[in-house]
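Examining the three-dimensional arrangement
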Amino acid sequence: MIAPFSIPSPDYSWQVLELNLFGWQLNIHTYALWILLGIILAVIITSRRLTKRGAEPGIVLDIALWAVPLGIIGARFYHVFTHPNDYFAGQEWWKIFAIWEGGNAIYGALIGGAVGVLIACRITGLRFLSFADALAPGLLVAQAVGRLGNWFNHELFGSPTDLPWGLEIEYTNPAWPQGLPEGTLFHPTFLYEIIWNLAGVAVILLLERKGGLRWGKAFGIYLIWYGLGRSFLESIRVDPSEMLFGIRSNVWASFAAVLIGIILIIVQSRRHTGLEPSVFAPGREWKRPDAVVDSDEIESESDSLDDGVESENAPESAATSPGRSSSV
């Protein structure tokens with residue numbers, strides 16, 4: 001069944017780009033390129049937001065050096081442990097690390113990335129929640145871009161649908177639900193999440209203009225927004241997942257994200273009612289190179305020269321009696 005506005009899946013040839021470099025065959029997975037593009041956009045957006053808030057330009061790279069690798073590790077291992085039958089049912093053990101075959105979980109990336117950010121913030125002096133606030137919109141952009149990788153991989157699609165924008169999936173796909181006739185269309189969950197995430201960016205930016213959203217509140221909005229959307233999208237997906245009390249594990253994780261976001265906003269609203277003084281922890285502030293220097297702290301060269309002249313003239317002035325007048 002082909003609907004008038006159905007979404008075709010990209011040709012399989014687009015999944016891997018083959019490059020021949022000096023006789024070496026290099027395979028670049030399109031999925032990885034979309035994830036990399038999302039990371040780059042998140043870094044750029046976060047850097048601009050941090051700089052406007054008084055952070056040192058480029059400091060986001062110091063954070064990314066910790067957050068990105070740990071986020072990738074967390075994403076992989078979260079996926080592995082929430083899909084045990086794919087890795088612990090007699091399969092080769094090294095498949096656990098075969099990230100190029102697909103299988104990453106955003107909640108694992110958030111956990112691993114958060115650990116990396118905590119470590120980097122301790123090193124750089126940034127406040128963890130201040131960085132999280134600056135990251136929130138960029139993180140949603142990265143997740144939206146990364147979902148295009150799922151589209152190229154023909155994976156993580158939703159349940160069957162009669163809607164005109166259903167997603168076309170080949171009948172030979174290993175994830176094809178048994179019993180469905182060839183030509184069935186599916187909910188394009190990748191597209192739904194892209195739209196939801198970009199809408200979340202607009203919501204955060206709008207709320208920031210009206211209320212500030214500092215002290216971790218913007219990140220709290222992110223957790224609530226993403227958790228709500230993801231809980232729905234997970235419920236209509238057809239790929240296998242671990243179930244707990246009849247609910248997919250990632251739905252439970254989404255509920256946890258919403259709860260954490262609500263608690264974060266409530267606690268921080270009560271704890272901090274004023275403006276956030278700095279994105280740096282007390283005593284770790286960064287001073288701009290062109291910042292105006294207090295004249296009481298540093299003496300200028302002209303001041304030193306004036307002092308020298310005064311000291312040279314001091315004996316002569318002292319030798320002159322106050323009552324002595326000079327002749328004309």
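In case you missed it, the structure is sitting above this.
Structure report, in brief. (Residues numbered from 1 in each chain as written. Predicted model: local features only at pLDDT ≥ 70, side-chain atom pairs only at ≥ 80, totals over all residues. Heavy atoms only, no water.)

1. Structural notes on the overall build of the chain
Cut-off, in case you're wondering: Secondary structure elements are taken from DSSP: a helix is a run of H or I of four residues or more, a strand is a run of E of two residues or more, and numbering for both begins at the N terminus. Any two residues whose heavy atoms approach within 4.5 Å are treated as being in contact. Note on areas: Shrake-Rupley, 1.4 Å probe, and residue coverage restricted to the protein chains presented here.
What the chain contains, in helices and strands, is eight helices and six strands. Listed N to C, the secondary structure of the chain is β-β-α-α-α-α-β-β-α-α-β-β-α-α in terms of helices and strands. The contacts of the chain with a sequence gap of at least 6 include a subset with a gap of at least 24, amounting to 72%. Total accessible area on the chain is roughly 19400 Å²; 65% of this is exposed by carbon and sulfur atoms.

2. Structural notes on the nonpolar core
As a rule of thumb, nonpolar side chains are buried together in soluble globular proteins. Note the following rule: We call a set of buried residues a nonpolar core when its members are Ala, Val, Leu, Ile, Met, Phe, Trp, Tyr or Cys and they connect through side-chain atoms within 4.5 Å of each other. Each residue gets one of three labels from its accessible area relative to the maximum for its type: buried under 20%, exposed over 50%, partly exposed in between, using a 1.4 Å probe on protein chains only.
Counting residues in each nonpolar core, the largest one holds 43 residues, and the members touching the most others are Leu50, Tyr107, Leu126, Phe131 and Tyr222. Elements with a contribution of two residues or more to this core: α1 (30-52), α2 (59-82), α3 (106-124), α4 (128-152), α5 (189-211), α6 (217-235) and α7 (249-271). The greatest single-element share of this core, amounting to nine residues, is contributed by α4. Residues contacting Phe131, with those up to four places away along its chain left out, are Thr46, Leu50, Val60, Ile63, Val117, Cys121 and Leu126. Residues Ile7, Phe157, Trp176 and Phe186 belong to the second largest nonpolar core, which totals nine residues.

3. Remarks on the environment of Glu193
Its location among the elements puts Glu193 in helix α5. Residue classification places Glu193 among the buried residues on the basis of a relative accessible area of 4%. Note: C-alpha distance between Glu193 and Leu148 (45 residues apart in sequence) is 10.0 Å. Contact partners of Glu193, with chain neighbours within four places excluded, come to Arg147, Tyr226, Arg230 and Leu233.

4. Some points on the pattern of salt bridges
The cut-off we apply is this: One side-chain nitrogen of Lys or Arg within 4 Å of one carboxyl oxygen of Asp or Glu is enough to make a salt bridge.
Considering all chains together, one arrives at nine salt bridges under this definition. For the salt bridge of Glu234 with Arg230, the shortest nitrogen-to-oxygen distance reads 2.8 Å. Note that Glu234 and Arg230 are positioned in helix α6 at a spacing of four residues, about one turn of the helix. Across the pair, exposure class does not vary: Glu234 and Arg230 are buried alike. Among the ionic pairs, Arg248 bridges to Asp239, the shortest N-O distance being 3.4 Å.

5. Quick look at the pairing of strand β2 (residues 24-29)
Threshold: Should DSSP find at least two bridges between two strands, the strands are regarded as paired.
Relative to β2, strand β1 (residues 16-21) runs antiparallel, the two being bridged by six bridges. Bridged to Leu21 within β2 is Trp24. Remark: two residues form the turn of the hairpin made by β1 and β2, two consecutive strands paired antiparallel; Phe22 in that turn has positive phi of roughly 55 degrees.

6. Describing the environment of Leu36
For Leu36, the location among the structural elements is in helix α1. Residue class for Leu36 comes out partly exposed when judged on its relative accessible area of 46%. Along the primary structure Leu36 and Val145 are separated by 109 residues, whereas in three dimensions their C-alpha atoms are 9.2 Å apart.

7. A look at the packing of α2 against α3
How two helices pack is summed up by the angle between their axes together with the distance between the axes. Defined as follows: In this analysis an axis means a line fitted to C-alpha atoms, helices contributing only their contacting stretch, and an angle means the value between N-to-C directions, from 0 to 180 degrees. The cut-offs work like this: below 35 degrees is roughly parallel, past 145 is roughly antiparallel, 65 to 115 is roughly perpendicular, and the gaps in between are oblique. Two helices that cross are described as forming a left-handed crossing if the nearer one is turned anticlockwise from the farther one by less than a right angle, and a right-handed crossing if clockwise. Following the grouping adopted for this structure description, the nonpolar residues are Ala, Val, Leu, Ile, Met, Phe, Trp, Tyr, Cys and Pro, the charged ones are Asp, Glu, Lys and Arg, and the polar ones are all others, Gly among them.
Taken N-terminus to C-terminus, the directions of α2 and α3 make an angle of 150 degrees; their axes are 6 Å apart at the nearest point. It follows that α2 is roughly antiparallel to α3 by the angle criterion. α3 is crossed by α2, and the crossing has right-handed handedness. A class-by-class count of the residues in the contact of α2 with α3 yields 15 nonpolar, seven polar and one charged.

8. Thoughts on α7
What counts is decided by this rule: For a helix, the expected span equals 1.5 Å multiplied by the residue count minus one.
Helix length check: α7, at 23 residues, gives a terminal C-alpha distance of 33 Å against a target of 33 Å (1.5 Å per residue), a fit within 8%. Taken together, the buried positions of α7 are Ser249, Asn250, Val251, Ala253, Ser254, Ala257, Val258, Gly261, Leu264, Ile265 and Gln268. Summarising the contacts, the buried residues of α7 are in contact with α2, α3, α4, α6 and β6 (247-248).

9. What about the packing of α3 against α4?
Contact geometry for α3 and α4: axes closest at 12 Å, N-to-C directions at 145 degrees. Helix-helix and strand crossings are classified by hand; for α3 and α4 the assignment is right-handed. Along the contact surface, α3 presents Ile106, Leu110, Ala114, Val117, Leu118 and Cys121, while α4 presents Phe128, Phe131, Leu139 and Gln143. Partitioned by chemical class, the residues of the contact of α3 with α4 number nine nonpolar, one polar and no charged.

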